[in-house]
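# Analysis of the macromolecular model
Chain residues, written in single-letter form:
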Amino acid sequence: MSFRKVNIIILVLAIALFLLVLHHNFLGLSSLLRNEVSDSGIVGLQPIDFIPNAPRHAVDGSHEEIPVVIAASEDRLGGAIAAINSIQHHTRSNVIFYIVTLNDTVDHLRSWLNSGSLKNIRYKIVNFDTKLLEGKVKEDPDQGDSVKPLIFARFYLPILVPSAKKAIYMDDDVIVQGDILALYNTPLKPGHAAAFSEDCDSTSTKVVIRGAGNQYNYIGYLDYKKERIRKLSMKASTCSFNPGVFVANLTEWKRQNITNQLEKWMKLNVEEGLYSRTLAGSITTPPLLIVFYQQHSTIDPMWNVRHLGSSAGKRYSPQFVKAAKLLHWNGHFKPWGRTASYIDVWEKWYIPDPTGKFSLIRRHVEISNIN
């Protein structure tokens, strides 16, 4: 009898050990899946690629992970590549890039990232399904260009970076000249889900713009003749902000349902036409202005020195451009195009396309005398 009891005990212990090992392996697999292909949480935002190994010689392990979200469309892919290259060159922090694109651009983007100096960066490619925008965006017959779906990626940050508490978003027409850690450490006031650079108070505006009128106020983006806008009691003279570069507190963003709020105003604009007929900037700006009215912090203006794409001429001194932490070619004149200011500063960070699909358009080469 005692012998049978011993056998039973051994069998029970063996089964318990087997279940323990199985459970451990399951947890390990779950952890791996979370790291490699985390659930996007919404149909239309699907992770495609993840390169988890950062270059050990370049990363300072004392810093937390810094998520940087950037959209990369096929026709502007060289811009995203240059921006990423400039960021990783100027920091030793643990940066991971969340690159949002469309399915037909993935292979091209991946081949570019896997060549040259970018092959060791940490990144995740996320596919943006344009069905997300159904009923939220309408084409403007007065404007020849169609709506670019990727410009709305900034509205979905907590879904793009589901495990992060904080993230940076930036457009593809920028070059970073400072350590991205400084921007990431921008303090946000309690209850604020994002920090932007305001147009009226920005260093860029003080240097470049005088007598800009409504272009840098809420009335330049919203139609104050519409009753729904007037009922919000937002002063038309309120200074607008630029959404091309910002820092987001994703915990607060989710708590306030910012994405749902933005989608609400997108839908209402489709139904009622709430945006200004002479829109001063991107169609992504009006809903952000409404949702973040008097509820946002500010970033150091040197982290969004903009208007470099507003004209073909040079509107800043070489010394000012050199001192900027981030240069932003917002406007019609992009640095990969035929005519732009300080194209040599941008081109320093551009990596030629190994596939040859993307090429710079150049009429002449300008020298900015920035060393």
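Below you will find a few notes about this structure. Along each chain, numbering runs from 1 in the same order as the chain's sequence is written. With the structure being a predicted model, the display of local features is reserved for residues of pLDDT at least 70 and the display and counting of side-chain atom pairs for 80 or more, all residues being used for whole-chain, interface and lining totals. Side-chain metrics in this entry use all non-hydrogen atoms of the structure; hydrogen atoms and water are not considered.

### Some details on the packing of aromatic side chains
Here the aromatic set is Phe, Tyr and Trp, taking the six-membered ring for Trp, and pairing holds for ring centres within 6.5 Å; pairs whose planes are under 30 degrees apart are stacked, those over 60 apart are edge-to-face, and all others are tilted. Applying the stated criterion across every chain yields a total of 15 aromatic pairs. Pairing F196 with F246 gives two aromatic rings, centres 5.0 Å apart and planes at 40 degrees, and the pair type is tilted. Residue F196 is located in strand β7 (residues 194-198), and its partner F246 is located in strand β8 (residues 241-249); the two are separated by 50 residues in the primary sequence. For F196, a relative accessible area of 0% puts it in the buried group. When the ring of F196 is compared with that of F292, the centres are 5.3 Å apart and the planes differ by 70 degrees; the resulting orientation is edge-to-face. Of this pair, F196 sits in strand β7 while F292 sits in the loop between α10 (285-291) and β9 (297-298), and the two are 96 residues apart along the sequence. A single burial state applies to F196 and to F292, both of which are buried. Pairwise contacts between aromatic rings join Y169, F196, F241, F246, W253 and F292 into one cluster. Only DSSP runs of H or I reaching four residues or more are called helices, and only runs of E reaching two or more are called strands; each is numbered from the N terminus. Burial here depends on accessible area, computed with a 1.4 Å probe over protein chains only, as a share of the maximum for the residue type. Under 20% is buried, over 50% is exposed, and the range in between is partly exposed.

### Observations regarding the nonpolar core
Generally speaking, soluble globular proteins have nonpolar side chains that are buried together. Of all hydrophobic cores here, the largest spans 54 residues; its most connected members are M170 and I180. It is helix α2 (residues 77-89) that contributes the most residues to this core, seven residues altogether. The criterion used for residue contact is that any of the two residues' heavy atoms lie within 4.5 Å. Beyond its immediate chain neighbours, meaning those up to four positions away, I180 contacts I66, V68, I87, T91, V95, I168, M170 and W303. Residues enter a nonpolar core if they are buried and are Ala, Val, Leu, Ile, Met, Phe, Trp, Tyr or Cys, with the set joined through side-chain atoms within 4.5 Å. Listed in part, the 48 residues of the second largest apolar core include Y224, L250, M266 and L268.

### Describing the pairing of β7
With four of its five residues buried, β7 lies for the most part within the structure. One requirement defines pairing of two strands: DSSP has to find at least two bridges between them. By the bridge criterion, four bridges tie β7 to β8 in an arrangement that is antiparallel. In the sheet register, A195 faces β8, and the bridge partner there is V247. The sheet contact formed by β7 and β9 spans two bridges and is parallel. Bridge pairing links A195 to S297 in β9.

### Side note on unusual backbone geometry
In this structure, N257 is a non-glycine residue whose phi angle is positive, near 55 degrees. By the element assignment, N257 lies in the loop between α8 (250-255) and α9 (258-272). The partly exposed category is assigned to N257, whose relative accessible area is 43%. Even without glycine at this site, H307 takes up a positive phi of about 75 degrees.

### Quick look at the state of the cysteines
Disulfides are covalent bonds that connect the sulfur atoms of two cysteines. A pair of sulfur atoms, both from cysteines and within 2.5 Å, is called a disulfide here. Per the counting criterion, the structure on display carries one disulfide. Each sulfur in the disulfide pair C200 and C239 lies 2.5 Å from the other. Across the S-S bond of C200 and C239 the torsion is about 120 degrees, and the bridge reads as right-handed. Pair noted here: C200 is in the loop between β7 and α6 (203-208) and C239 is in the loop between α7 (227-230) and β8, with a separation of 39 residues, a long-range link. With a relative accessible area of 31%, C200 lands in the partly exposed category.

### Side note on helix α3 (residues 106-113)
Buried within α3 are the following residues: V106, H108, L109, W112 and L113. Buried residues in α3, looked at end-on, bunch into an arc of 165 degrees, giving them a common side. Note that the arc is computed from the directions linking the helix axis to the C-beta atoms.

### Some words on the pattern of salt bridges
What makes a salt bridge here is a side-chain nitrogen of Lys or Arg within 4 Å of a carboxyl oxygen of Asp or Glu, nothing more. Under the criterion given, the structure shown has eleven salt bridges. Among the ionic pairs, E65 bridges to R122, the shortest N-O distance being 3.2 Å. Here E65, found in strand β2 (residues 65-71), pairs with R122, found in strand β4 (residues 122-128); they are 57 residues apart in sequence, far enough to count as distant. Residue E65 is classed as partly exposed on the basis of its relative accessible area, which comes to 30%. Given a relative accessible area of 11%, R122 falls into the buried group. With a closest N to O distance of 2.6 Å, K334 and D173 form a salt bridge. Separated by 161 residues along the polypeptide, K334 in the loop between β10 (326-328) and α12 (343-347) and D173 in the loop between β5 (166-170) and β6 (174-176) bring together distant segments of the chain.

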